[in-house]
Amino acid sequence: MSSTAKAKTLRRREFMDLVKNACQDSLTGKQADAQSRSTMNLLKIHFNANYRIHYELMISAENGVIELGLHFEDGPESTAALLEFFDTYVLEIKDRLGVSFEVERWTKSWGHCFEIHPIEPLTPAFARRLGNRLGEVIEVLQPILDEAFAREIASETPRPSSGRRRFRR
């Protein structure tokens with residue numbers, strides 16, 4: 001491709017598929033057995049039955065950013081316990097993933113370990129870069145999450161649903 005030619009931009013579904021594939025290709029060991037689902041704006045990946053504790057890549061075009069990280073969405077008690085536990089590792093996390101990585105409570109029942117990337121055109125190269133980065137994040141955070149599960153700080157199975165939709169923040 002010449003330097004003046006534009007890189008091919010992808011539809012969001014194609015972009016998410018490439019991110020997922022790049023992420024899975026970069027993983028080693030049991031992390032290669034990821035379960036995932038995606039929508040036009042989200043990619044969620046998890047490694048056990050508790051899909052409410054998952055890695056996520058979210059496109060927020062209106063804010064011009066892409067968020068990438070580990071989300072805790074299994075209720076107030078679980079979120080509080082996981083945030084407290086991950087906070088004890090925050091220096092190690094920042095050392096390995098960079099100072100832009102944050103551990104944050106967003107609502108009473110929702111928190112995350114994340115970083116923000118400026119949105120770029122949705123090209124195959126950008127998808128591979130984000131997928132590889134998500135793989136790095138998983139390699140660093142999954143052992144901490146596995147320890148949290150082993151210590152029963154959080155459950156490996158999701159709490160029962162209340163039947164109510166949880167869209168309010």
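Keep in mind that what you see is a predicted model, and the values were worked out from it rather than measured. By convention here, each chain's residues receive numbers from 1 onward along its written sequence. Per-residue local features are limited, in this predicted model, to residues with pLDDT of at least 70; the limit for side-chain atom pairs, both in listing and counting, is 80 or more; totals at the level of whole chains, interfaces and linings are taken over all residues. In computing side-chain properties, one takes all heavy atoms of the structure into account and sets aside hydrogens as well as water.

Novice: Let's hear about the sheet that holds strand β4 (residues 65-72): which residues, and what values?
Specialist: Note on pairing: two strands pair once DSSP finds at least 2 bridges between them. What counts as a helix is a DSSP run of H or I of at least four residues, what counts as a strand is a run of E of at least two, and both are numbered from the N terminus. The six strands are arranged β1-β2-β3-β4-β6-β5 in an open sheet whose pairing can be described as antiparallel. Looking along the sheet, the strands with just one partner apiece sit at the ends: β1 (35-38) and β5 (102-107). Within this sheet the neighbouring strands show an average axis-to-axis angle of 25°, counted without direction. In this sheet, β4 lies alongside strand β3 (residues 53-60) in antiparallel orientation, the contact comprising eight bridges. In the strand pairing of β4, Tyr55 is matched with Leu70. To get an axis, fit a line to the C-alpha atoms, keeping to the stretch in contact for a helix; angles then go from 0 to 180 degrees between the N-to-C directions.

Novice: Mind laying out helix α1 (residues 12-26), listing which residues take part and the relevant values?
Specialist: What a helix should span is 1.5 Å times the count of its residues minus one. Over its 15 residues, α1 runs 21 Å from end to end, which matches the ideal 21 Å to within 8%, given 1.5 Å per residue. Each residue's exposure class comes from its accessible area (1.4 Å probe, protein chains only) as a fraction of the maximum for that residue type: buried when under 20%, exposed when over 50%, partly exposed otherwise. Of the residues making up α1, those classed as buried are Phe15, Met16, Val19, Ala22 and Cys23. Seen from one end, α1 has its buried residues packed into an arc of 130°, which puts them on one side. Any two residues having at least one pair of non-hydrogen atoms within 4.5 Å are treated as being in contact. As for α1, its buried residues are in contact with β1, β2 (42-46), β3 and α4 (124-150). Relevant arc is that of directions from the helix axis to the C-beta atoms, nothing else.

Novice: Could you give an account of the pairing of β5, with specific residues and numbers?
Specialist: Where β5 meets strand β6 (residues 110-118), five bridges bridge the pair, whose relative direction is antiparallel. Paired with Glu102 across the two strands is Phe114, which belongs to β6. Where β5 hands over to β6, the hairpin turn is made up of two residues, counted between the paired strands.

Novice: Tell me about the packing of α1 against α4, and please be specific about residues and values.
Specialist: At a closest axis distance of 7 Å, the pairing of α1 and α4 adopts a crossing angle of 45°. In this view, α1 runs oblique relative to α4, as classed from their interaxial angle. The chirality of how α1 crosses α4 is right-handed. Along the contact surface, α1 presents Phe15, Leu18, Val19, Ala22, Cys23 and Ser26, while α4 presents Pro124, Phe126, Ala127, Arg128, Leu130, Gly131, Asn132, Leu134, Gly135, Ile138 and Glu139. In this classification, Asp, Glu, Lys and Arg are treated as charged, Ala, Val, Leu, Ile, Met, Phe, Trp, Tyr, Cys and Pro as nonpolar, and every other residue, Gly included, as polar. Residues of the contact of α1 with α4, tallied by class, amount to 11 nonpolar, four polar and two charged. Note that the term roughly parallel is reserved for angles under 35 degrees, roughly antiparallel for angles over 145, roughly perpendicular for angles of 65 to 115, and oblique for everything else. Working rule for handedness: look at the near helix, and if it is turned counterclockwise from the far one by less than a right angle, call the crossing left-handed; if clockwise, right-handed.

Novice: Can you tell me about the packing of aromatic side chains, naming the residues and giving the values?
Specialist: Aromatic pairing here means that ring centres of Phe, Tyr or Trp (its six-membered ring) are within 6.5 Å. Orientation follows from the plane angle: under 30 degrees is stacked, over 60 is edge-to-face, and everything else is tilted. Overall, the coordinates contain six aromatic pairs when judged by the stated rule. With 5.2 Å between their ring centres and 50° between their planes, Phe72 and Phe86 make a pair best called tilted. Pair noted here: Phe72 is in strand β4 and Phe86 is in helix α2 (residues 76-87), with a separation of 14 residues, a long-range link. Taken together, the aromatic side chains of Phe72, Phe85, Phe86 and Tyr89 make up a single cluster linked through ring pairs.

Novice: Describe the nonpolar core, and please don't skip the residues or the numbers.
Specialist: Phe15, Tyr55, Leu57, Leu70, Phe86 and Leu141 are the most contacted members of the largest nonpolar core, which has 41 residues in total. Elements with a contribution of two residues or more to this core: α1, β2, β3, β4, α2, α3 (90-97) and α4. For this core, the leading source of residues is α4, giving 12 residues. Dropping the residues within four chain positions of it, Phe86 is found in contact with Leu70, Phe72, Ile93, Val103, Cys113, Leu141, Ile144 and Leu145. Grouping buried Ala, Val, Leu, Ile, Met, Phe, Trp, Tyr and Cys residues that are joined through side-chain atoms within 4.5 Å yields what is termed a nonpolar core.

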